[in-house]
Amino acid sequence: MSDIVLHGYWRSSATYRVRIALNLKSIVYHQVTYDLRTGAQKCPLFLSLLPQGLVPAIESNDMVLTQSPAILEWVEEQWPSPPLLPTNIRCRAMVRSMAALIGCDIHPLNNLRVLNALKSDFNASQQQVDEWIARWIVGGFAALELLVQRHGDGFCYGNVPSFADCYLVPQIYSARRFGVDLSPYSALNAVANAMERLPPVQAAHPSQQPDA
Ligand SMILES: N[C@@H](CCC(=O)N[C@@H](CS)C(=O)NCC(=O)O)C(=O)O
């Protein structure tokens with residue numbers, strides 16, 4: 001069995017990002033899953049692994065690391081080939097900027113705990129929650145579409161997959177799941193389609209996971 005353990009959930013976008021990166025680098029890992037629908041990730045038993053009650057976490061030897069941006073950076077430094085960041089400093093910064101657009105400004109607003117709080121604390125209906133979800137995806141994707149048009153050449157940045165693509169694919173999956181109209185984002189759709197044709201990315205798809 002691999003000594004890399006990915007703690008996650010099949011439909012978690014942040015876990016999906018990490019799976020894509022690990023698969024693109026052909027790293028073998030074992031998955032431990034937590035059913036987010038039942039709150040398994042918040043069980044006190046798992047606090048040493050998941051102190052925030054959020055997935056993913058990666059475990060390697062005596063290290064447990066949470067936060068997918070930190071995990072991706074660690075993976076990149078540990079296994080530099082094939083690279084998911086360009087060599088040029090300015091290009092690397094742009095890739096990280098695109099990834100952060102999704103990771104900081106779309107995904108956290110639509111996290112399960114936020115959606116649950118809208119319903120339980122603010123009495124939001126399912127329709128209002130769906131509108132909330134679409135609002136942040138649409139706003140973020142409109143900006144990302146411009147960046148990908150400017151910098152992309154088959155993928156979000158240039159002509160090879162990068163961190164930005166690892167973030168985009170799960171966010172597109174989530175947008176489709178919640179019925180967000182993706183027709184205005186031709187550049188994002190083209191990148192997502194290119195990524196989804198790659199076998200390592202296909203293997204990272206939520207439907208392919210043991211807990212799906
Ligand atoms: N910033 C964190 C976010 C992690 C996160 O939000 N995970 C979600 C799944 S994608 C989660 O565990 N949600 C459980 C909950 O909201 O209770 C990361 O990138 O790792």
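Residues numbered from 1 in each chain as written. Predicted model: local features only at pLDDT ≥ 70, side-chain atom pairs only at ≥ 80, totals over all residues. Heavy atoms only, no water.

(A) Geometry of the packing of helix H5 (residues 126-151) against helix H7 (residues 186-196). Close contact between H5 and H7 brings their axes to 8 Å; oriented N to C, the two are set at 75°. Judged on the interaxial angle alone, H7 and H5 are roughly perpendicular. Only Ser186, Ala187, Leu188 and Val191 of H7 make contact with H5, whose side of the interface consists of Phe141, Leu144, Glu145, Val148 and Gln149. The residue makeup of the contact of H5 with H7, split by class, is 6 nonpolar, 2 polar and 1 charged. (Axes fitted to C-alpha atoms, helices over the stretch in contact; angles between N-to-C directions. Helix = DSSP H or I, 4+ residues; strand = E, 2+ residues; numbered from the N terminus. Parallel < 35°, antiparallel > 145°, perpendicular 65-115°, else oblique. Contact = heavy atoms within 4.5 Å. Nonpolar A, V, L, I, M, F, W, Y, C, P; charged D, E, K, R; others polar.)

(B) Just the site of the ligand, in detail. Taken together, 17 residues sit near the ligand, with Val55, Gln67, Ser68, Asn111 and Arg113 positioned nearest. The side chain of Asn111 places a nitrogen or oxygen atom 2.7 Å from an oxygen atom of the ligand. At a separation of 2.9 Å, an oxygen atom of the ligand approaches a polar backbone atom of Arg113. For the ligand, whose unbound accessible area comes to 510 Å², protein coverage reaches 90%. Here the shell around the ligand gets 3 residues from one element, more than from any other, and that element is helix H1 (residues 13-24). Its residues placed into classes, the shell around the ligand shows 7 nonpolar, 7 polar and 3 charged. In terms of domain composition, the shell around the ligand takes at least three residues from each of domain 1 (4-82) and domain 2 (89-200). (Near = heavy atom within 4 Å. Polar contact = N/O pair within 3.5 Å; in protein donor to acceptor, adjacent residues only side chain to side chain. Areas by Shrake-Rupley, 256 points an atom, 1.4 Å probe, with all protein chains shown as cover. Domains from an automatic or database assignment.)

(C) Broad picture of the domain arrangement of the protein. By domain assignment, the protein separates into domain 1 (4-82) and domain 2 (89-200). Here the C-alpha centre of domain 2 lies 19 Å away from the C-alpha centre of domain 1. On the side of domain 2, 19 residues touch domain 1, which itself brings 17 residues to the contact. With both sides pooled, the region where domain 1 packs onto domain 2 buries about 1700 Å², and carbon together with sulfur makes up 64% of that total. Across the domain 1-domain 2 interface, the total number found is 1 salt bridge. In this structure, the salt-bridge partner of Arg96 is Glu73, at a minimum N-O distance of 2.9 Å. The interface formed by domain 1 and domain 2 contains 2 residue pairs in polar contact (both at pLDDT 80 or more). Of all elements in the fold, only H1 and helix H2 (68-78) reach the threshold of two or more residues within the side of domain 1 that touches domain 2. The greatest single-element share of the side of domain 1 that touches domain 2, amounting to 8 residues, is contributed by H1. The class makeup of the residues in the side of domain 1 that touches domain 2 is 10 nonpolar, 3 polar and 4 charged. (Buried area = accessible area lost by both parts, 1.4 Å probe. Salt bridge = Lys/Arg side-chain N within 4 Å of Asp/Glu carboxyl O.)

(D) Structural view of the sheet that holds strand E2 (residues 30-33). A sheet is described by the order of its strands in space; here 4 strands give the open sequence E2-E1-E3-E4, paired in mixed fashion. Edge strands, defined here as strands with exactly one partner in the open sheet, are E2 and strand E4 (63-66). On average, each strand axis in the sheet is tilted by 20° relative to the strand beside it, whichever way the strands run. Inspection of the sheet shows strand E3 (residues 57-60) paired to E4 by 4 bridges, in the antiparallel sense. Across the sheet, the residue bridging to Glu59 is Val64, located in E4. H1 contacts strand E1 (4-8), E2 and E3 of the sheet and is inclined by roughly 155° relative to E1. Contacts from H2 reach E1, E3 and E4, with the element oriented near 130° to E4. (Pairing = 2+ DSSP bridges.)

(E) Here's a closer look at the environment of Leu24. Within the element layout of this structure, Leu24 appears in helix H1. Between the alpha carbons of Leu24 and Ala204 there is a distance of 9.4 Å; along the sequence they are 180 residues apart. For Leu24, the residues in contact, after removing those within four places along its chain, are Pro82, Leu84, Pro161, Cys166, Met195, Leu198, Pro200 and Val201.

(F) Inspection of the nonpolar core at higher detail. Among the nonpolar cores identified, the biggest contains 65 residues, and Ile20, Phe141, Leu144 and Leu168 are the most heavily contacted of them. Looking at which element gives the most residues to this core, the answer is helix H6 (residues 163-177), with 9 residues. When residues of this core are assigned to domains, at least three map to each of domain 1 (4-82) and domain 2 (89-200). Those residues in contact with Leu144, other than ones at most four positions away along the chain, are Met98, Leu101, Ile102, Leu168 and Leu188. (Core = buried A, V, L, I, M, F, W, Y, C linked by side-chain atoms within 4.5 Å. Buried < 20%, exposed > 50% of the residue type's maximum accessible area, 1.4 Å probe, protein only.)

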